[in-house]
Amino acid sequence: SQKIEQNSEALNIQEGKTATLTCNYTNYSPAYLQWYRQDPGRGPVFLLLIRENEKEKRKERLKVTFDTTLKQSLFHITASQPADSATYLCALEVTSGTYKYIFGTGTRLKVLA
Amino acid sequence: EPEVTQTPSHQVTQMGQEVILRCVPISNHLYFYWYRQILGQKVEFLVSFYNNEISEKSEIFDDQFSVERPDGSNFTLKIRSTKLEDSAMYFCASSLRDTQYFGPGTRLTVL
């Protein structure tokens, strides 16, 4: 069955640097992959969706890439700020078109001032 | 900006009791979901709901769980006989298509 791995449980970086988070999946390539931000005790907040025919997507300081050959998505935050400190989750459909999703365990990012 | 709302924010119940968690999805959305997150663990899919019926459910969503959309706005999750291991945050989400918008969650504590 489809599995997601976010291979860094925690990542500390200095303010102003670029944070790069990784999401790997194991089986078939999904039609799209999503990234969410979650703050402690709060619900996930949607950030970006990237489709299988898109190599890269940007939104302000955020950039997502999707490599179906490597079965991997990278999530970048440029010019990181302490306010970017949160857990970042990737998610995808278990089987295309089912609207049944699995989430990764998340990467807890801490941006140090 | 429209948002998903959930009530109550915190529910404490005794083992074996029934609980109903309530959600008001975004009004023009078509798909509705329940997820749970045990403290310190990942977000887990429970069920999706479309066109007034369950679309998909996970292994977690057994006979103790049920969902309902009793009117045009509310979406509820009922746990018939709660167990200690049901203690978690329960998130409702809705989507028009593939982008899900999550509510703030209900923290369920089973004693």
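Conventions used here
Residues numbered from 1 in each chain as written. Chains lettered and ligands numbered in written order. Predicted model: local features only at pLDDT ≥ 70, side-chain atom pairs only at ≥ 80, totals over all residues. Heavy atoms only, no water. Patch = residues over 30% accessible without salt bridge, like charges linked within 9 Å, V, L, I, M, F, W, Y side chains within 5 Å. Areas by Shrake-Rupley, 256 points an atom, 1.4 Å probe, with all protein chains shown as cover. Salt bridge = Lys/Arg side-chain N within 4 Å of Asp/Glu carboxyl O. Helix = DSSP H or I, 4+ residues; strand = E, 2+ residues; numbered from the N terminus. Contact = heavy atoms within 4.5 Å. Buried area = accessible area lost by both parts, 1.4 Å probe. Pairing = 2+ DSSP bridges. Buried < 20%, exposed > 50% of the residue type's maximum accessible area, 1.4 Å probe, protein only.

(A) Local environment of a nonpolar patch on the surface. Taken together, the side chains of Leu30, Tyr50 and Leu96 of chain B make up a nonpolar region of the molecular surface, amounting to roughly 260 Å² of accessible area. Structurally, the position occupied by Leu96 of chain B is in the loop between strand 9 (88–95) and strand 10 (100–102).

(B) Structural context of the interface of chain B and chain A. With 23 residues of chain B at the contact, the number on the chain A side is 19 residues. Note on chain B versus chain A: buried area summed over both sides is about 1,700 Å², and carbon and sulfur give 55% of it. Linking chain B to chain A there are 1 salt bridge. Residues Asp98 of chain B and Arg51 of chain A are paired through a salt bridge, measuring 2.9 Å at the closest nitrogen-oxygen approach.

(C) Inspection of the sheet that holds strand 6 (residues 56–59) of chain A at higher detail. All names here are of chain A. Read across the open sheet, the 5 strands follow the order 1-3-8-7-6; overall the sheet is antiparallel. Among the strands making up the open sheet, the edge pair consists of strand 1 (4–5) and strand 6. Relative to strand 8 (residues 72–77), strand 7 (residues 62–67) is paired through 6 bridges, and the arrangement is antiparallel. Along strand 8, the bridge assignment pairs Phe66 with Ser73.

(D) The arrangement of the pattern of salt bridges in detail. One pass over the structure, following the stated rule, counts 8 salt bridges over all chains. With a closest N to O distance of 3.1 Å, Asp39 of chain A and Arg37 of chain A form a salt bridge. A residue is classified by how much of its surface remains accessible, and Arg37 of chain A, at 18% relative accessible area, is buried. The residue Glu54 of chain A makes a salt bridge to Lys57 of chain A at a minimum N-O spacing of 3.7 Å. Owing to a relative accessible area of 24%, Glu54 of chain A belongs among the partly exposed residues under this scheme. Sharing partners across several salt bridges, the network here consists of Arg51 of chain A together with Arg97 and Asp98 of chain B.

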